[in-house]
Amino acid sequence: MSRTEEARRLAEAVPDPEIPVLTAGDLGLVRMVEEDGGRLVVRLTPTYSGCPASEAIRRDVEAALASGGFADAVVETSLAPAWTTDWMSEAGKTKLAAYGIAPPVRGPVSCPHCGGAAVEELSRFGSTPCKALWRCLGCREPFERFKCL
Amino acid sequence: MADALTAAYALRLGDDALILSHRLSEWVGHGPELEEDIALANTALDLLGQARLLLACAGEREGRGRDEDALAYGRDVLDFSNLLLVEQPNGDFAQTMMRQFLFDAYAVALWPRLSASRDEVLAGIAGKAAKEAAYHVEQSAAWVVRMGDGTEESHDRAQAGLDLLWPYAGEIFEADEVEAALAEKGIAVAPSALREHWQARVGPVLEEAGLAPPEGAGVRTGGRQGRHSEHLGHLLAEFQFMQRAYPGARW
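Residues numbered from 1 in each chain as written. Chains lettered and ligands numbered in written order. Predicted model: local features only at pLDDT ≥ 70, side-chain atom pairs only at ≥ 80, totals over all residues. Heavy atoms only, no water.

Some remarks on the overall build of chain A
Alright, step 1. Of the regular secondary structure elements, chain A holds four helices and seven strands.
Alright, step 2. Start at the N end of chain A and walk to the C end: the helices and strands fall as α-α-β-β-α-β-α-β-β-β-β.
Alright, step 3. Dimensions of chain A, computed from C-alpha atoms along their principal axes, come out at roughly 55 × 25 × 20 Å.
Alright, step 4. Counting over 149 residues, chain A shows a buried share of 48%.
Alright, step 5. Taking as baseline every contact in chain A between residues at least 6 positions apart, the subset at least 24 positions apart corresponds to 53%.
Alright, step 6. Across chain A, the centroid of the 17 positively charged side chains sits 5 Å from that of the 20 negatively charged ones. (Helix = DSSP H or I, 4+ residues; strand = E, 2+ residues; numbered from the N terminus. Buried < 20%, exposed > 50% of the residue type's maximum accessible area, 1.4 Å probe, protein only. Contact = heavy atoms within 4.5 Å. Lys, Arg positive; Asp, Glu negative; His and termini not counted. Charge placed at Lys NZ, Arg CZ, Asp CG, Glu CD.)

Looking at the packing of aromatic side chains
Alright, step 1. What the rule picks out here adds up to nine aromatic pairs over all chains.
Alright, step 2. Pairing F93 of chain B with W143 of chain B gives two aromatic rings, centres 5.0 Å apart and planes at 90°, and the pair type is edge-to-face. Of this pair, F93 of chain B sits in helix α5 (residues 93-114) while W143 of chain B sits in helix α6 (residues 120-148), and the two are 50 residues apart along the sequence. With respect to class, F93 of chain B is no different from W143 of chain B; both count as buried.
Alright, step 3. Consider the rings of W166 of chain B and W198 of chain B, whose centres lie 5.6 Å apart with planes at 45°: the pair is tilted. Pair noted here: W166 of chain B is in helix α7 (residues 152-169) and W198 of chain B is in helix α9 (residues 195-209), with a separation of 32 residues, a long-range link.
Alright, step 4. With relative accessibility at 22%, the residue W166 of chain B sits in the partly exposed group.
Alright, step 5. An aromatic cluster is defined as three or more aromatic residues linked by ring pairs; in this entry it consists of W27, F93 and W143 of chain B.
Alright, step 6. Sitting over the face of the ring of W87 of chain A, R31 of chain A holds its NZ or CZ atom 3.5 Å from the ring centroid. (Phe/Tyr/Trp six-rings, centres within 6.5 Å; stacked < 30°, edge-to-face > 60°. Lys NZ or Arg CZ within 6 Å of the ring centre and 35° of its normal.)

Quick notes on the side chain of Q50 of chain B
Alright, step 1. Structurally, Q50 of chain B can be placed in helix α2 (residues 34-62).
Alright, step 2. Looking at Q50 of chain B, the relative accessible area reads 3%, which means it is buried.
Alright, step 3. The contacts of Q50 of chain B, once residues within four sequence positions are left out, are S49 of chain A together with A17, W111, A129 and E132 of chain B.

Remember, this is a structural readout, not a statement about activity or role.
So this is what it looks like as structure tokens:
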């Protein structure tokens, strides 16, 4: 494995502090890993511009790289192109649903608990900027949905 | 490289987001219901994120070593360049949502256009903000309709909010030499170019809500040049207290 591949593996394995079943890799946050004149540069993209998790993930990526032998790695932030939930991996979407959060799939929403299609939105905002509050009319359970962005 | 014009422009947009974010954060724990409390906090958080990016950009372009915190906590009222609209008090929930709607309608007109800016940093920030603003305006427009077309009391409160805030909306489209020079270079969006898009968003929502802008209302301006209403000083007194009392404090 090359140095950049190894660094990417380390960065992508960092979990999201708010939704720990997802990794930075699942979320599609690691936009670029390259060597720039012997210096390793990892470029991350934030999800929402005010999401407090973005800073935590950045620090965790720096720590993961340092402990993996990349003490000189530089972690940069890139805003463009803007992050979209379309970059979330299929594995990430499956893990989210198993965790009880409806994944950001464009089209009809289904209940992550019972799979029912009779669901309704309670609020367009939830416990984090990336989620909305929903409930299932079948099993009567409330659930969160990761918004499509 | 120092670029005073772009610094001033980024600061204006950043101050809008920062001050409105603080106003919305004043609702935390006081929202009319839990879901709205959370919605207001989420919107405040998005705006704070936008403000941080814009103030950081302004500080870099200014080239005087001021970072986002120095600009947020270390300036006095006269140095803030936000629109007068965003510093107006929360009032009741109807007034807050009306202020939010009038601002969001501006934001969804501005950000997609600014995302084509020749300034890559501003374009990147705008591209992110555009997605967030699209979400915010759906929420605030829905509340304006719900209250305007609701009970007699909710209608009257929404109309009172509109009467109070409408004169401040005109400032959105005012430009001075900062916007004019940067729009010429393809860096800024000329505020006058946004009026048509703003009206196309605001008009149908107010109509559906059964609300009408006050007739013969003037336009209040001055925020961009640092001439603020009495409210901003009180806001900053709370917002900046900790850094004023204990400069450089961290936790």
